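The lines below spell out each chain.
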Amino acid sequence: MSVSFKAAVVGLGWAGQQHLAAYSRRDDVEIVGLAGLEADQLSALATQYGVDHAFADWNDLIAWGGFDLLSVAVPTSLHAPIAIAALQSGSHVLCEKPMAGTVADAQAMVDAAKSSGLVLDVVFNHRSHGELKAIKRLVADGGLGNPYHTRVTWLRRDGIPAGWFRQRALSGGGVLADLGIHLLDYTLDILGEPAVRSLSAAGFSAFSGERSDARPLEGRGESSDVEDFASVFLRLAGGGVIELDVSWAAARASADEMTITVHGTEGGAEAALSPAFEAGDVERFTAPTVGGESETIETPAGRGHDEVVAEFVAAAHGSIGEGRRVGSAALERTRIIGACYESMVSGREVVLA
Ligand SMILES: NC(=O)c1ccc[n+]([C@@H]2O[C@H](COP(=O)([O-])OP(=O)(O)OC[C@H]3O[C@@H](n4cnc5c(N)ncnc54)[C@H](O)[C@@H]3O)[C@@H](O)[C@H]2O)c1
């Protein structure tokens with residue numbers, strides 16, 4: 001296949017490197033531009049990927065403008081200004097999660113995508129877990145009946161990220177905005193996008209602030225104004241509920257563990273997911289009225305950013321849905337996360353329109 005698109009990436013951290021690797025594995029994309037503040041890393045990655053146009057600041061990359069696709073993998077508060085500038089200068093945008101720290105920023109991004117006619121896609125790489133795809137198929141085929149209760153967790157014992165992640169003005173929130181957004185996204189996707197009617201959320205900062213304990217956790221010691229543990233209860237249109245628990249740090253056994261359990265009127269499903277997208281199993285259970293049978297469904301490894309980038313490129317080619325995406329689902333996720341923070345502050349349930 002010949003090259004169809006020229007791509008650029010802003011951000012040189014773990015996320016930016018996933019975009020670079022995913023583009024480099026495609027025949028139809030050439031990586032032409034890169035931006036990021038760490039000079040050594042910038043020149044190392046430019047050399048590794050054969051990129052001729054490398055800039056420290058994102059503004060200079062956009063002003064140069066020699067690309068059709070832009071990946072945005074920088075602190076969350078920069079997502080909206082970079083995405084909007086890129087859309088306005090004629091580039092499709094693939095933006096890391098969370099889409100934005102505020103609903104107003106996310107709405108402005110969607111508005112810019114709509115008026116540009118270009119694609120704005122948001123990275124939800126955890127949808128690519130084989131287990132989640134299998135459960136989504138079970139739900140869609142009616143195999144679980146009405147899935148009235150879903151519990152999702154992503155619990156880390158010791159995984160507080162560094163720097164900007166712990167500053168609300170830069171990140172938009174703590175572990176709920178960082179990891180919880182994935183759980184919210186794929187659970188609503190699996191359940192067929194039911195509207196969220198109301199929610200109640202609690203957040204805790206037991207370990208991420210400054211404490212004087214003898215053994216410092218990774219990332220502890222710097223100031224923090226975000227939660228390191230969140231617990232959310234959501235009521236859905238149709239009467240179902242979701243329970244969501246997520247931690248960067250918690251006094252628990254396992255290092256980094258993701259689980260999903262769905263209880264439906266005709267059956268249930270359970271899986272433990274590998275945060276590194278390894279292959280795994282789904283346990284499917286029959287309804288108690290037909291005996292206590294269960295079945296193990298083997299599922300393949302997830303493709304993570306490779307799958308997200310493939311869908312983004314397909315959307316830019318005009319071959320997904322109506323030919324473009326404008327970030328509407330991600331905007332809805334941003335609204336729900338915003339309501340969760342409102343509930344954390346008020347200590348009350350929030351009713352969504
Ligand atoms: N989808 C996932 O699985 C996943 C995983 C990790 C992070 N993320 C998301 O990716 C984004 C980046 O996270 P990260 O962990 O890679 O962060 P990071 O802190 O490791 O990297 C951030 C990068 O942004 C660059 N940057 C900051 N200001 C800049 C500017 N003015 N101009 C150009 N570059 C600038 C920095 O130089 C750095 O290279 C965040 O939105 C995060 O939530 C997603």
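The structure displayed is predicted, hence computed values, not measured ones. (Residues numbered from 1 in each chain as written. Predicted model: local features only at pLDDT ≥ 70, side-chain atom pairs only at ≥ 80, totals over all residues. Heavy atoms only, no water.)

Draft legend 1. Focus on the sheet that holds strand E13 (residues 280-286). Taking strand neighbours across the sheet as the criterion, the nine strands line up as E14-E13-E12-E11-E7-E10-E9-E8-E15 in an open arrangement whose pairing is mixed. Here the strands that pair on one side only, and so sit at the sheet edges, are strand E14 (294-299) and strand E15 (350-351). Docked against the sheet, helix H8 (residues 175-190) engages strand E7 (147-156), strand E8 (196-204), strand E9 (229-236), strand E10 (241-247), strand E11 (256-264) and strand E12 (267-273), running at close to 150° with respect to E10. (Pairing = 2+ DSSP bridges. Helix = DSSP H or I, 4+ residues; strand = E, 2+ residues; numbered from the N terminus. Contact = heavy atoms within 4.5 Å. Axes fitted to C-alpha atoms, helices over the stretch in contact; angles between N-to-C directions.)

Draft legend 2. Examining the packing of helix H5 (residues 103-116) against helix H10 (residues 328-346) more closely. For the pair H5 and H10, interaxial distance at closest approach is 9 Å and the crossing angle is 170°. Compared by their axis directions, H5 and H10 come out roughly antiparallel. On H10, the residues touching Val-103, Ala-106, Gln-107 and Val-110 of H5 are Ser-328, Leu-331, Thr-334 and Arg-335. (Parallel < 35°, antiparallel > 145°, perpendicular 65-115°, else oblique.)

Draft legend 3. Examining the environment of Ala-140 more closely. Here Ala-140 lies in helix H6 (residues 130-140). Along the primary structure Ala-140 and Ser-71 are separated by 69 residues, whereas in three dimensions their C-alpha atoms are 32 Å apart.

Draft legend 4. Just the site of the ligand, in detail. As a matter of local geometry, the ligand sits amid 27 residues, with Leu-12, Leu-37, Glu-38, Lys-97 and Trp-164 nearest to it. Here the ligand loses 85% of its free accessible area of 850 Å² to cover by the protein chains. Residues of the shell around the ligand, tallied by class, amount to 15 nonpolar, eight polar and four charged. Among the domains, domain 1 (5-122 + 306-324) and domain 2 (127-302) are the pair contributing at least three residues each to the shell around the ligand. (Near = heavy atom within 4 Å. Areas by Shrake-Rupley, 256 points an atom, 1.4 Å probe, with all protein chains shown as cover. Nonpolar A, V, L, I, M, F, W, Y, C, P; charged D, E, K, R; others polar. Domains from an automatic or database assignment.)

Draft legend 5. The arrangement of the domain arrangement of the chain in detail. When its domains are assigned, the chain resolves into domain 1 (5-122 + 306-324) and domain 2 (127-302). The distance between the C-alpha centroids of domain 1 and domain 2 comes to 27 Å. Contact with domain 1, which involves seven residues of that partner, is made by 11 residues of domain 2. Regarding the contact of domain 1 and domain 2, the summed buried area is about 740 Å², with carbon and sulfur atoms giving 57% of it. For the pair domain 1 and domain 2, the interface holds two salt bridges. The closest approach of N and O atoms between Lys-97 and Asp-178, which form a salt bridge, is 2.8 Å. Where domain 1 packs against domain 2, one counts four residue pairs in polar contact (both at pLDDT 80 or more). (Buried area = accessible area lost by both parts, 1.4 Å probe. Salt bridge = Lys/Arg side-chain N within 4 Å of Asp/Glu carboxyl O. Polar contact = N/O pair within 3.5 Å; in protein donor to acceptor, adjacent residues only side chain to side chain.)

Draft legend 6. Local environment of the nonpolar core. In terms of nonpolar packing, the biggest core is built from 80 residues, with Leu-70, Met-99, Met-109, Ile-135, Leu-176 and Val-246 touching the most fellow members. Three or more residues apiece are contributed to this core by two domains, here domain 1 (5-122 + 306-324) and domain 2 (127-302). In this structure, Met-99 is in contact with His-79, Ala-106, Met-109, Val-110, Leu-120, Val-122, Gly-327, Ala-330, Leu-331 and Thr-334, ignoring residues within four places of it in sequence. Counting 26 residues, the second largest nonpolar core, distinct from the first, contains Phe-5, Ala-21, Ile-31 and Leu-94. (Core = buried A, V, L, I, M, F, W, Y, C linked by side-chain atoms within 4.5 Å. Buried < 20%, exposed > 50% of the residue type's maximum accessible area, 1.4 Å probe, protein only.)

Draft legend 7. Quick peek at the UniProt feature "domain: Gfo/Idh/MocA-like oxidoreductase N-terminal" (unreviewed entry) in the chain. Sites flagged by UniProt as "domain: Gfo/Idh/MocA-like oxidoreductase N-terminal" (unreviewed entry) map to residues 5-122. Structurally, residues 5-122 comprises 45% helix and 23% strand, and the distance from its first C-alpha atom to its last is 18 Å. (UniProt positions renumbered as here; feature names shortened; annotations may be inferred.)

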